[in-house]
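Working through the structure, step by step
What follows is each chain in one-letter form.
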Amino acid sequence: MSTDNENNYIDETSEEELKKVEEMLKSSRRERQKMNSSKKPQKSDKKDDKDSFVSKLTKNPVIPITALLLIAVLALGVFYFAPRLKKDKVDSIGITYETLRTNYVNTKLYKELFKDFDCKLPDMQVTEPQEGSKHTKELNFFAMKVNNGFTTLNVGIQGSTRKSDGEIVALRFLFEDTTDQNESQNVLISVLMYYRMVFNSVFPELTDEEATTLLNNGISAGTFQIKDNIAYRIGRDTIDGKNYYIMDFAPATQYQSENNKAAESSAA
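Read on for an overview of the structure.

Each value, and the rule that gives it
- Residues numbered from 1 in each chain as written.
- Predicted model: local features only at pLDDT ≥ 70, side-chain atom pairs only at ≥ 80, totals over all residues.
- Heavy atoms only, no water.
- Pairing = 2+ DSSP bridges.
- Helix = DSSP H or I, 4+ residues; strand = E, 2+ residues; numbered from the N terminus.
- Contact = heavy atoms within 4.5 Å.
- Axes fitted to C-alpha atoms, helices over the stretch in contact; angles between N-to-C directions.
- Phe/Tyr/Trp six-rings, centres within 6.5 Å; stacked < 30°, edge-to-face > 60°.
- Buried < 20%, exposed > 50% of the residue type's maximum accessible area, 1.4 Å probe, protein only.

1. Things to note about the sheet that holds strand 6 (residues 230–239)
- As summarised here, the arrangement of the 7 strands in space is 1-2-3-4-7-6-5, forming an open sheet in which the pairing is antiparallel. With one partner strand each, in any of the chains shown, strand 1 (126–127) and strand 5 (225–227) form the two edges of the open sheet.
- Strand direction decides the pairing type here: strand 6 and strand 7 (residues 242–251), joined by 10 bridges, are antiparallel. Note that in strand 7 the partner of Asp-237 across the bridge is Tyr-244.
- Contacting strand 5, strand 6 and strand 7, helix 8 (residues 208–221) runs over the sheet at an angle of about 45° to strand 6.

2. Some details on the packing of aromatic side chains
- For the coordinates displayed, the defined rule picks out 15 aromatic pairs.
- An angle of 40° between the planes, with centres 5.6 Å apart, marks the rings of Phe-150 and Tyr-194 as tilted. Here Phe-150 is found in the loop between strand 2 (139–145) and strand 3 (155–162), whereas its partner Tyr-194 is found in helix 7 (residues 184–202), with 44 residues between them in sequence.
- Classification of Phe-150 by relative accessible area gives buried; the value is 1%.
- Note on Tyr-194: relative accessible area 0%, which makes it buried.
- Ring geometry for Phe-199 versus Tyr-232: centroids 5.1 Å apart, planes at 75°, classification edge-to-face. You can see Phe-199 sitting in helix 7 and its partner Tyr-232 sitting in strand 6, a full 33 residues away along the chain.
- With relative accessibility at 2%, the residue Tyr-232 sits in the buried group.

Below, the structure written as structure tokens:
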């Protein structure tokens, strides 16, 4: 059962806070320009990039608090991603992978924060389906690493698209957790901000306040939540011995009917 604090773990980003982030980014750009103009070029250090990213976020007093509250919610359960499709129809979430990539670089968070950390979504790489996968005749499957400069941990994306029109049927983002307890809070801060950007990529029409509310609902519930024709959830899973924070998206049709049945059973 979630607490009121957990239900409000994401606070709306105010205009004043966005201005502070913008100023920090501008300051960071000026510093890099000075370094680049030096006669002795220096190699970029990925760890320094990560530290710079976390430093920018931790200057906002809201973020560390919300990240700590996130721990309590995600520790409640482990979720497994297994989108279930209707036998007579393969539904989609209504966007193609290329549209997702475009939405991603057009989010406010990407333009004002993540743009400096070289983390665009990669080109799609079609992979062979796993043994036992369904709808192999109708779907293409993909899995790629998301290269970036804000963390040394693994970030990845995987899913499937319809062969007929390229629309996404299942989508998963993975963000590796750390085994270093001293770094765990910094990782959560990064996860929180990155998944906010991902969420706005799937739902580009949402305001900051609307996105905040929906993300809050998804984390608090720990199960698939419905927005329009898309079901989404956020959780934590162990894959090949490593822990990951995961964000899943799938067609809403199956999960909506299951939620309705659950609601009817509760009301009975």
